[in-house]
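Coordinate analysis (summary)
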Amino acid sequence: MLSCLCSKYWPLFLLFFYILSPIPYCIARRIVDDTDSASNACKELAIFLTTGIVISAFGLPVVFARAEVIAWGACALVLTGNVVIFGTILGFFLVFGSNDDFSWQQW
């Protein structure tokens, strides 16, 4: 939001990436049976798609800044926000992603 003050509202397009990033992995967790110790193609595809979404979220502000749609200061603010948001999403999945008694999957 702070980067929108430095330039136009173009950085708000990154909200789509924040919403889309956990979806492939959540879908794969519902489909995949975790009893198999070997790697699973569905889970690996979900991780690949999530990685592509995250990399796109880091690349879009740089493309906007190179095209002079937003200022470089706004780009730096967006990239800092990306680190915070995706770190929070990663932390959520590390804390609540295990299959122990304290899990979000019970709901």
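As annotated in an unreviewed UniProt entry, the chain carries the name Leptin receptor overlapping transcript-like 1 and is attributed to Oryzias sinensis. Note on the chain: under the UniProt heading Function (unreviewed entry), the record states "Negatively regulates growth hormone (GH) receptor cell surface expression in liver. May play a role in liver resistance to GH during periods of reduced nutrient availability."

In this section: the layout of surface pockets. Rolling a probe over the atoms, with the probe sized like a water molecule, indicates the empty space that remains. A volume near 300 Å³ is recorded for the largest pocket. If you go around the largest pocket, the residues you meet are S21, P22, Y25, A46, I47, T50, V54, F86, I89, L90, F93 and L94. In terms of residue count, helix α5 (residues 72-96) provides more of the lining of the largest pocket than any other element does, five residues in total. A breakdown of the residues in the lining of the largest pocket according to their chemical character gives ten nonpolar, two polar and no charged.

Now for the environment of A71. On the secondary structure map, A71 appears in the loop between α4 (41-66) and α5. A relative accessible area of 36% places A71 in the partly exposed class. Taking the C-alpha atoms as reference points, A71 and K8, 63 residues apart in sequence, are found 9.2 Å from one another.

The subject of this paragraph is the nonpolar core. Within the largest apolar cluster, seven residues are counted, these being L14, F17, Y18, I53, A57, V78 and F86. Every element with two or more residues in this core is listed here: α2 (14-20), α4 and α5. Ranked by residues supplied to this core, first place goes to α2 with three residues.

Right, let's talk about the confidence of the model for the chain for a bit. In this model, the chain carries an average pLDDT of 80, and 76% of its residues clear a pLDDT of 70 or more. At the low end of the mean pLDDT range in the chain sits helix α1 (residues 2-6), at 55; at the high end sits α4, at 91.

Checked against the element boundaries, S21 lands in the loop between α2 and α3 (23-31). A distance of 3.4 Å separates a polar side-chain atom of S21 from the backbone oxygen of Y18. S21 has contacts with T50, I53, V54, F86 and I89, leaving out every residue within four places of it along the chain.

The rules behind these values
- Residues numbered from 1 in each chain as written.
- Predicted model: local features only at pLDDT ≥ 70, side-chain atom pairs only at ≥ 80, totals over all residues.
- Heavy atoms only, no water.
- UniProt positions renumbered as here; feature names shortened; annotations may be inferred.
- 1 Å grid on protein atoms, 1.4 Å probe; cavity = no way out; pocket = protein on both sides within 12 Å on 5 of 7 lines; lining within 4 Å.
- Points joined across faces, edges and corners; volume = space filled by probe spheres on them.
- Helix = DSSP H or I, 4+ residues; strand = E, 2+ residues; numbered from the N terminus.
- Nonpolar A, V, L, I, M, F, W, Y, C, P; charged D, E, K, R; others polar.
- Buried < 20%, exposed > 50% of the residue type's maximum accessible area, 1.4 Å probe, protein only.
- Core = buried A, V, L, I, M, F, W, Y, C linked by side-chain atoms within 4.5 Å.
- pLDDT = per-residue confidence, 0-100.
- Polar contact = N/O pair within 3.5 Å; in protein donor to acceptor, adjacent residues only side chain to side chain.
- Contact = heavy atoms within 4.5 Å.

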